[in-house]
Structures are given as structure tokens and as C-alpha cells.
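# Structural overview
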Number of protein chains: 2
Amino acid sequence: MMNFIKEPTEIEKKSMAIIAPYVAEYNLSAEETKVYSRIIHAAGDVEYAPLIDIHPEAIAAIKTALRAGANIFTDVEMVRTGINKQKLAVYGGAVKCLIADERVKQCARETGITRAMAAMRTFGAELSGGIVAVGNAPTALFEVLRLIDEEKIMPAAIVGIPVGFVGAAEAKKALSENGKVPYITVSGTKGGSPIAAAAINAVLYQLE
Amino acid sequence: MMNFIKEPTEIEKKSMAIIAPYVAEYNLSAEETKVYSRIIHAAGDVEYAPLIDIHPEAIAAIKTALRAGANIFTDVEMVRTGINKQKLAVYGGAVKCLIADERVKQCARETGITRAMAAMRTFGAELSGGIVAVGNAPTALFEVLRLIDEEKIMPAAIVGIPVGFVGAAEAKKALSENGKVPYITVSGTKGGSPIAAAAINAVLYQLE
């Protein structure tokens, strides 16, 4: 039982080698391959491969924004926890999450919407030029799309990978059809905080 | 696009109703059904159902420990983030994670093992009577099993759902065969922090 790999770099190298054949068929760029691989690595699930959808300008847009010190706005604390904040801080950015904010709690109570949705509404214009990372709540992603449509708020890019059976597939489809902001998503019901964080980190680690 | 459910209780209720038929075939107790449903809910993936493995004494052991104020020991911060700490605190317990601890970082550097593994080693005897929740690192789960075997450390229960292609399936198999400590796991490569947190919360929410 105790004969297993304990060295972190070795584990990641072996993991990426195991994943490689599962993404080879998609004719990906080297940059896209890294995003696909980290998502599959985070989920332990090669069946993510055909579900991943990266807008052609998304990786470049995220890189440009991160290099310029853009902040990342997450729907829930788990996404914030999963993002490499030390690496992000090198470029001047931080991860912001308002789900536990008192204003947000009050807004959610008063309006009957989810806290994640209220959190995105509270960010409002602050999202312009930033990167949105949704890993849990479809409602948060729907709200960001509404802010783009109705309030002319323009994030640099959206990593939108909420999870679940109520609204997630629909919100991600709406994201992929938004036509204004480049995005990374995963179609269907699967997703989650580690998946959204993995997509962000995969691009972050490509900055030199 | 904007016609979606925004009310949190309604979302959860609908989600559980969608999941119900996928777990109906497993002849589960009401308690087990809640664990299965929350795991599937957290992953957005009904294909978890046949992979979930709950030791017959696990739910009772976790409940008893939580009621007595036991702490929960996690391998990574994302699992800590995902556990409902407010609810846990009602019974006196807290969630502990040492992955960012300086002693743990130093131990990992000096010995070439992962930080998550070093974290479990550093907890050591403190794990006895507590609940272990591993959501990321197979090495952390292997280390807990070693502590049980070699150092007579006895957690009340283990929720062991590490993820990935290097060691995760093996560590979870070893957990299911440990013969000493009741466990909740998911066989194979899939898993992750939200899944481990969901299993813990599913039991926590059953306490009145």
C-alpha cells in the first residue's frame, strides 16, 4: 500500500502524461491543451474533454488582463481559495469575492435571489476590465450576462463553469452565445469551483 | 435567457428532485440517500452514484463524533472552505487545515513529500477521535492510513475522496479495505474538494 509517488512535481508530471492522449484528438493549441489538461486533472475525469469550450480569444484576453493587473471576481469562496493568489499578485491582481459580505447578504434576503447573484450585482461596474470566475452558481453567471447586456458592463473575459441540474447548462449555453465577452466554459451539468479555478490557474501559469 | 430560478431553497429542492430517480435503485437508507444526493449535486454528475461507497457504520460514527464536538481535519483549504463551519460550531467542532502552516511547508521541503501529506503527519495523534476529510491529495489519505496502521491513531471516520490519475483510485481502494475506521469514499479517479465537503455537510445537516 505504501508504494506510491510522494513528490509533488512527479505526481503532476505523471498526471499530465496520463491525460495527454485524451486531449490529443481535439487539435488544440499548446495554450488550450494546458487549460484542457488542468480541468481534467482537477476533476479526475477525462469525460470533460469533449465538453470544454474555449472562445478563440479567451486565453489571450485573460493573459492580457492578468498582465495588466486585472482582478478576478469569483462567485464563491471555494473558487477564490483554489486560485493561485500568490502568482496572481506578481502582476498586481487580487481575487475578490463578496458572498460573505453583509451588503450582499442583505440584498439576497430582501430580493429572494441567491447570494452569489447578489454578489455579482454588488460588484457591478467594478467587473469591467476584470476577469469573472464562476464555479458554483448559475444565477451568478446569468447576472453577469445581464450586467453585460443591460448595464454595459464589460469584463475582459469570463470563466463560467457553474455546476448542477438547475440552470447550469442553460447559463453556460447563454455564456457561449453572448457574443460580447470571450469565455471558457464546460457544457452541461458538470463543473464546480476546482474546475473554474483550474482554468484560471492554467492560464496564469502560462505567464512568464 | 432571464427566466430562471433565483430562490436558493427552490433551486436545491428542484435539484434534489432531479437527482432522486438516479439514486432510487441503490436501496439506500434515508441517511445514505442524502449523502449520495449531495455528492451528485456538488459534482453535477449522476455517474457518481455507482461509485459511492459508504461503510455501514460511517454515517452513525460521523454523527456521534460531530455531536460530541469533534474537529474535522482537511487536506486542503478548499475542503475547509466548503464545509459549513457555522453549523459545525453549533456542536463545538472546528475545521482544521495545516497545508499553509510553516512547519508543514518545511517538512515537505525537507522530505520531498507533498504538503498535504506532511499536514496529516503533523496533525498526528490529534486526528484520533476526529473526522478526516480528504478532497484533493491521495498522498494525504495514504498517510492517514499509515498513521492508523503504524501509529495506532484512530480517527472516528474518514471521508476520503481525493481526485486524479496518480494514486487516487489506489488510495481510495486502500481506504475501503482498511478494516479499522468507517469511511465514505468514491471509487476511481473522480472526486475533489466540493465532493468531500458535500459528504461532510450531508451528514452535518442531518443533526437536529
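Now for a look at the structure at hand. (Residues numbered from 1 in each chain as written. Chains lettered and ligands numbered in written order. Predicted model: local features only at pLDDT ≥ 70, side-chain atom pairs only at ≥ 80, totals over all residues. Heavy atoms only, no water.)

### Remarks on helix α10 (residues 193–204) of chain B
Think of an α-helix as turning once every 3.6 residues; residues three or four places apart then point the same way. All names here are of chain B. In this model α10 runs 16 Å from its N-terminal to its C-terminal C-alpha over 12 residues, within 8% of the 16 Å that 1.5 Å per residue would give. With 12 of 12 residues buried, α10 is to be regarded as a mostly interior element. Of the positions making up α10, those classed as buried are Ser-193, Pro-194, Ile-195, Ala-196, Ala-197, Ala-198, Ala-199, Ile-200, Asn-201, Ala-202, Val-203 and Leu-204. (Helix = DSSP H or I, 4+ residues; strand = E, 2+ residues; numbered from the N terminus. Expected span 1.5 Å × (residues − 1). Buried < 20%, exposed > 50% of the residue type's maximum accessible area, 1.4 Å probe, protein only.)

### Here's the deal with the relation of the copies chain B and chain A
Laying chain B over chain A is done by rotating through 180° and shifting 0.0 Å along the axis; what remains is an RMSD of 0.0 Å. Look at the turn and shift together and you get a two-fold axis relating the two. No C-alpha of chain B lies nearer the rotation axis than that of Met-78 of chain B, which sits 2.8 Å from it. Taken together, the interface assignments show that 100% of the residues at the interface of chain B recur at the interface of chain A, consistent with an identical surface on both copies. (Least-squares fit on C-alpha atoms with pLDDT ≥ 70 in both. Contact = heavy atoms within 4.5 Å.)

### A word on helix α3 (residues 58–67) of chain A
All names here are of chain A. Restricting attention to buried positions, one finds in α3 the residues Ala-58, Ile-59, Ile-62, Lys-63, Ala-65 and Leu-66. Taken end-on, α3 shows its buried residues confined to a sector of 170°, consistent with a single buried face. Two residues or fewer past α3, Gly-69 is found with a positive phi of approximately 90°. (Arc of directions from axis to C-beta.)

### What about the sheet that holds strand β3 (residues 95–97) of chain A?
Residue and element names in this part refer to chain A. Taken in spatial order, the six strands make up an open sheet running β1-β6-β5-β4-β2-β3, and their pairing is mixed. Unpaired on one side and paired on the other, β1 (52–54) and β3 mark the two borders of the sheet. Taken pair by pair, the neighbouring strands of this sheet meet at an average axis angle of 15°, ignoring direction. Note: strand β4 (residues 131–134) against strand β5 (residues 157–160), four bridges, orientation parallel. Across the sheet, Ile-131 pairs through a bridge with Ala-157, a residue of β5. (Pairing = 2+ DSSP bridges. Axes fitted to C-alpha atoms, helices over the stretch in contact; angles between N-to-C directions.)

### Some thoughts on the packing of helix α1 (residues 8–23) of chain B against helix α2 (residues 30–43) of chain B
Residue and element names in this part refer to chain B. Interaxial distance between α1 and α2 falls to 9 Å at its minimum, and their mutual angle equals 110°. Accordingly, the angle class assigned to the pair α1 and α2 is roughly perpendicular. Between α1 and α2 lies a crossing of right-handed hand. Contacts between α1 and α2 involve Glu-12, Ser-15, Met-16, Ile-19 and Val-23 from the first element and Thr-33, Tyr-36, Ser-37, Arg-38, Ile-40 and His-41 from the second. A class-by-class count of the residues in the contact of α1 with α2 yields five nonpolar, four polar and two charged. (Parallel < 35°, antiparallel > 145°, perpendicular 65-115°, else oblique. Left-handed = near helix turned anticlockwise from the far one by under 90°. Nonpolar A, V, L, I, M, F, W, Y, C, P; charged D, E, K, R; others polar.)

### Structural notes on the interface of chain B and chain A
Each partner contributes to the interface: chain B provides 42 residues, whereas chain A provides 42 residues. Buried surface at the junction of chain B and chain A, summed over both partners, amounts to about 3400 Å²; 78% is from carbon and sulfur atoms. A salt bridge links Asp-45 of chain A to Lys-190 of chain B, with the shortest nitrogen-to-oxygen separation between them at 3.9 Å. One can count five residue pairs in polar contact (both at pLDDT 80 or more) joining chain B with chain A. Of all the secondary structure elements, the ones that give two or more residues to the side of chain B that touches chain A are α1, α2, α4 (77–82), α8 (138–151) and α10 of chain B. By residue number, the principal contributor to the side of chain B that touches chain A is α1 of chain B, which donates six residues. (Buried area = accessible area lost by both parts, 1.4 Å probe. Salt bridge = Lys/Arg side-chain N within 4 Å of Asp/Glu carboxyl O. Polar contact = N/O pair within 3.5 Å; in protein donor to acceptor, adjacent residues only side chain to side chain.)

These values are about where atoms sit, not about what they do.
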